[in-house]
Amino acid sequence: MIGLALGKKAVKHGYKRAGIPGAIATGGAAAVGYVVVKRALKSRTSEENVDSAIDTDQIKSAVEEQGIGAVTDRETLESAVDEEQLDTDVDMESVQSEAEDEADEIEKGSENDNSK
């Protein structure tokens, strides 16, 4: 549900800036960025619920400013993930690597969808 709320916020912000195309682009990019970070964090920790450790506003801001690639940046990950919310230690380097893999996978998936 957090991803949905993030997407709604981003859609409103994008709509105010650039109408319907801006709403679609901004909302979609922010939601995808959140999904990338969530999947990367889940795969590098033993925890199922990592939602509370992710600062959705930080992800949204980073994606709006720098694009979807911002979620693969170590500084963005360190500021968006509250390690104290997790029961296990997190190696941000491995989370960054996993986020890059997840972003590549999503990008390839969207390219395949567009080619149909």
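Here's what I pulled together on the structure shown here.

Definitions and cut-offs
- Residues numbered from 1 in each chain as written.
- Predicted model: local features only at pLDDT ≥ 70, side-chain atom pairs only at ≥ 80, totals over all residues.
- Heavy atoms only, no water.
- Helix = DSSP H or I, 4+ residues; strand = E, 2+ residues; numbered from the N terminus.
- Buried < 20%, exposed > 50% of the residue type's maximum accessible area, 1.4 Å probe, protein only.
- Contact = heavy atoms within 4.5 Å.
- Areas by Shrake-Rupley, 256 points an atom, 1.4 Å probe, with all protein chains shown as cover.

## Details of the overall build of the chain
When helices and strands are counted, the chain shows 4 helices and 0 strands. Starting at the N terminus and walking to the C terminus, you meet the elements of the chain as α-α-α-α. When the 116 residues of the chain are sorted by exposure, 37% land in the buried category. The long-range fraction of contacts in the chain, counting pairs at least 24 apart against all pairs at least 6 apart in sequence, stands at 61%. When the accessible surface of the chain is totalled, it reaches about 6,900 Å², and 45% of it is carbon and sulfur.

## Structural notes on the environment of Ala62
Locating Ala62 in the fold gives a position in helix H2 (residues 56–66). Accessibility expressed as a relative area gives 7% for Ala62, which makes it buried. Each C-alpha atom, one on Ala62 and one on Gly33, is 9.0 Å from the other, the two residues being 29 residues apart in sequence. Not counting chain neighbours up to four residues away, the residues in contact with Ala62 comprise Gly67, Ala70 and Thr76.

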